[in-house]
Amino acid sequence: MTKMRIGLLFGGRSGEHEVSISSARAIARALASDENATKYEVQPFYIQKDGRWLSGNIPQQVLESGKPLEIEQKAENESPLSREFPSFNAVDVWFPVLHGPNGEDGTVQGLLKLMQIPFVGSGVLGSAMGMDKIAMKMAFAHAGLPQVKYIAVNRSQIWSNPCVFPKLCDQIEETLGYPCFVKPANLGSSVGISKVRSRTELEAALDSAASYDRRIIVEAGVIARELECAVLGNDNPQASTVGEISFNSDFYDYETKYTQGQADLSIPAKASSAIISKIQDMAVQAFLAIDGAGLGRVDFFYVESTGEVLINEINTFPGFTATSMYPQLWEASGISFSELVDRLIQLALERHGDKS
Ligand SMILES: Nc1ncnc2c1ncn2[C@@H]1O[C@H](COP(=O)(O)OP(=O)(O)OP(=O)(O)O)[C@@H](O)[C@H]1O
Ligand SMILES: C[C@@H](N)C(=O)O
Ligand SMILES: [Mg+2]
Ligand SMILES: [Mg+2]
């Protein structure tokens, strides 16, 4: 049997570069295990932090070491893609294991779509909507999904005009109060997010978020349990069992997410069956609202005292690291890691066949 060649794309010009390497290591292992090894042959492609694409031996070395490559000087006028374009022909299905901007946001998906080769996950629209927390929240509001109060901010309100900035801070204090969360709109893994409790912290957090993104979102802080649900499928997606994250840190920040033992994952979450099915329904609605495809993980806040469930966000390429929820939610729902990656490839082929 001829093996299908899977283009495993990882790394990326993103604050989540290291997370992508960890996810890709796990996915590469799953593609080489069990029955998958008889069906698939993995061709890794590594996108360096400066955006250059590498094939050949280096991607394999990065996968083995789990560490990003030191950036060597780029030749003047060298295109990030110039060296690798010919070898793209050696791929039957792309598996873009990219988190954050320049990978999970529709940019790479546009390139892969133009190549007319199937790829795993959401297309251009779903990826872009799922990455940008402002656009995402507009789609959720339109779908009638409850969420926290928020204010959308543009970098120009923070950096360009000294008269606008104090007014913006006044508006945030009046509308949202403290604590509130300041986030770059297009990022993940909590990179660039601050929880703020005072005017001084707010000013510093806005300045910091603006260094990551032109678009920033400020949300009212909620005291709630954090529940997550995985989604798998295309036009008729399925929701997994629901999991809960608990931790001792101030919020679920980068260190808590990726340091073994810092967060506890309870799967299934201890909540009534009514709450679990509500979350599963909302997860599917959220996935459809942004035009998701293949996979997604939807994060929720559950305010136990009032019974309120608020949607926080969707991730169109959630983490597959050792501490990540997405593969563990499916494992607990009866789909093993190796079966999961196989299904994702089949869903990519199905979606490609739709000619969408
Ligand atoms: N409005 C809020 N109220 C309370 N806690 C919040 C709020 N927004 C974010 N947090 C905390 O910050 C964490 C990260 O937020 P969020 O999920 O929006 O960021 P992210 O960078 O997209 O993360 P990831 O993509 O890794 O899930 C949440 O899991 C939660 O602990
Ligand atoms: C990878 C990270 N953004 C996640 O959602 O798991
Ligand atoms: Mg996210
Ligand atoms: Mg999240």
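As annotated in an unreviewed UniProt entry, the chain carries the name D-alanine--D-alanine ligase and comes from Tychonema bourrellyi FEM_GT703. Regarding the chain, the relevant UniProt record gives this comment under Function (unreviewed entry): "Cell wall formation." Taken from UniProt, the Subcellular location (unreviewed entry) comment for the chain reads in full: "Cytoplasm".

(A) View of the pattern of salt bridges. Under the definition given, this model contains 20 salt bridges. Of the charged contacts, one joins Asp170 and Arg199 as a salt bridge, the two residues approaching to 2.8 Å between their closest N and O atoms. Note that Asp170 is positioned in helix α8 (residues 164–175) and Arg199 in helix α9 (residues 199–210), a separation of 29 residues in sequence. Residue classification places Asp170 among the partly exposed positions, given a relative accessible area of 34%. Relative accessible area serves as the criterion here: at 25%, Arg199 is assigned to the partly exposed category. Within the structure, one salt-bridge network assembled from shared partners comprises Asp170, Glu173, Arg199 and Glu203.

(B) Inspection of the side chain of Asp213 at higher detail. Within the secondary structure, Asp213 is located in the loop between α9 and β8 (215–220). In this structure, Asp213 is buried with no salt-bridge partner, the nearest side chain bearing the opposite charge being Arg155 at 5.7 Å. Looking at Asp213, its side chain comes within polar contact range of the main-chain nitrogen of Arg215, at 3.2 Å. Once you skip the residues sitting within four places of it in the chain, Asp213 turns out to touch Arg155, Pro184, Ala185 and Asn186.

(C) Structural context of the sheet that holds strand β2 (residues 40–47). The mixed open sheet is built from four strands, whose spatial order is β3-β2-β1-β4. If you trace the sheet from one side to the other, it starts and ends with β3 (53–54) and β4 (93–97), each paired once. Pairing analysis gives five bridges linking strand β1 (residues 4–11) to β4, with the strands arranged parallel. Across the sheet, Gly7 pairs through a bridge with Trp94, a residue of β4.

(D) Spotlight on the packing of aromatic side chains. Counted under the stated rule, the structure contains 10 aromatic pairs. Seen in terms of ring centroids, Phe10 and Tyr46 are 5.3 Å apart; in terms of plane orientation they differ by 40 degrees. Their pairing is tilted. Here the residue Phe10 occupies a position in strand β1, and Tyr46 occupies one in strand β2, the gap between them amounting to 36 residues. Here the aromatic rings of Phe320 and Tyr326 are separated by 5.4 Å at their centres, their planes lie at 50 degrees, and the arrangement is tilted. Chaining the aromatic ring pairs together yields one cluster made of Phe95, Phe317, Phe320, Tyr326, Trp330 and Phe337. Across from the ring centre of Tyr252, 5.0 Å away, lies the NZ or CZ of Lys257, which sits over that ring.

(E) The UniProt feature "domain: ATP-grasp" (unreviewed entry) in the chain, seen in detail. Here the UniProt feature "domain: ATP-grasp" (unreviewed entry) sits at residues 137–346. Helix makes up 36% of residues 137–346 and strand 29%, and the two end C-alpha atoms of the span are 30 Å apart.

(F) Geometry of the coordination of the magnesium ion (ligand 4). Only Asp299 (OD) and Glu313 (OE) from the protein coordinate the magnesium ion (ligand 4), and they sit 2.0 to 2.1 Å from it. A separation of 4.0 Å is found between the magnesium ion (ligand 4) and the magnesium ion (ligand 3), which share Glu313 as a coordinating residue. Of this pair, Asp299 sits in strand β12 (residues 294–303) while Glu313 sits in strand β13 (residues 308–315), placing them 14 residues apart in sequence. With a relative accessible area of 8%, Asp299 lands in the buried category.

(G) Representation of the site of ligand 1 in the model. Close contacts around ligand 1 come from 22 residues, with Lys133, Lys183, Ser190, Glu226 and Lys257 the closest. A distance of 2.9 Å is found between an oxygen atom of ligand 1 and a backbone nitrogen or oxygen belonging to Ser189. Contacts to ligand 1 include Ala220, whose backbone N or O atom sits 3.0 Å from a nitrogen atom. Relative to its unbound accessible area of 620 Å², ligand 1 is 95% covered by the protein chains.

(H) Region of interest: the nonpolar core. Residues Leu8, Ile27, Leu31, Phe95 and Leu344 are the most contacted members of the largest nonpolar core, which totals 37 residues. Going through the elements one at a time, β1, α1 (17–31), β2, α3 (57–65), β4, β9 (225–233), α12 (325–332) and α13 (337–353) are the ones with two or more residues in this core. In contact with Ile27, not counting residues within four places along its chain, are Leu8, Phe95, Val97, Phe317, Phe320, Phe337 and Val341. Listed in part, the 23 residues of the second largest apolar core include Val231, Ile276, Met282 and Ala286.

(I) Representation of the packing of α1 against α3. Where α1 contacts α3, the axes come no closer than 9 Å and their chain directions differ by 95 degrees. By the angle between their axes, α1 is roughly perpendicular relative to α3. Between α1 and α3, the residues in contact are Ile21, Ala24, Arg25 and Ala28 and Val62, Leu63, Glu64 and Ser65, respectively. Residue composition of the contact of α1 with α3, grouped by class: five nonpolar, one polar and two charged.

(J) Examining the packing of helix α5 (residues 124–131) against helix α6 (residues 133–142) more closely. Relative to each other, α5 and α6 sit at 100 degrees, their axes nearing to 5 Å. Taken together, α5 and α6 sit at an angle that is classed as roughly perpendicular. Across the interface between the two elements, Met129, Gly130 and Met131 of α5 pack against Lys133, Ala135, Met136 and Ala139 of α6. Grouping the constituent residues of the contact of α5 with α6 by class yields five nonpolar, one polar and one charged.

Conventions and cut-offs
- Residues numbered from 1 in each chain as written.
- Chains lettered and ligands numbered in written order.
- Predicted model: local features only at pLDDT ≥ 70, side-chain atom pairs only at ≥ 80, totals over all residues.
- Heavy atoms only, no water.
- UniProt positions renumbered as here; feature names shortened; annotations may be inferred.
- Salt bridge = Lys/Arg side-chain N within 4 Å of Asp/Glu carboxyl O.
- Helix = DSSP H or I, 4+ residues; strand = E, 2+ residues; numbered from the N terminus.
- Buried < 20%, exposed > 50% of the residue type's maximum accessible area, 1.4 Å probe, protein only.
- Lys, Arg positive; Asp, Glu negative; His and termini not counted.
- Polar contact = N/O pair within 3.5 Å; in protein donor to acceptor, adjacent residues only side chain to side chain.
- Contact = heavy atoms within 4.5 Å.
- Pairing = 2+ DSSP bridges.
- Phe/Tyr/Trp six-rings, centres within 6.5 Å; stacked < 30°, edge-to-face > 60°.
- Lys NZ or Arg CZ within 6 Å of the ring centre and 35° of its normal.
- Donors = N, O, S within 2.8 Å, 3.2 Å for Na, K, Ca; no water.
- Near = heavy atom within 4 Å.
- Areas by Shrake-Rupley, 256 points an atom, 1.4 Å probe, with all protein chains shown as cover.
- Core = buried A, V, L, I, M, F, W, Y, C linked by side-chain atoms within 4.5 Å.
- Axes fitted to C-alpha atoms, helices over the stretch in contact; angles between N-to-C directions.
- Parallel < 35°, antiparallel > 145°, perpendicular 65-115°, else oblique.
- Nonpolar A, V, L, I, M, F, W, Y, C, P; charged D, E, K, R; others polar.

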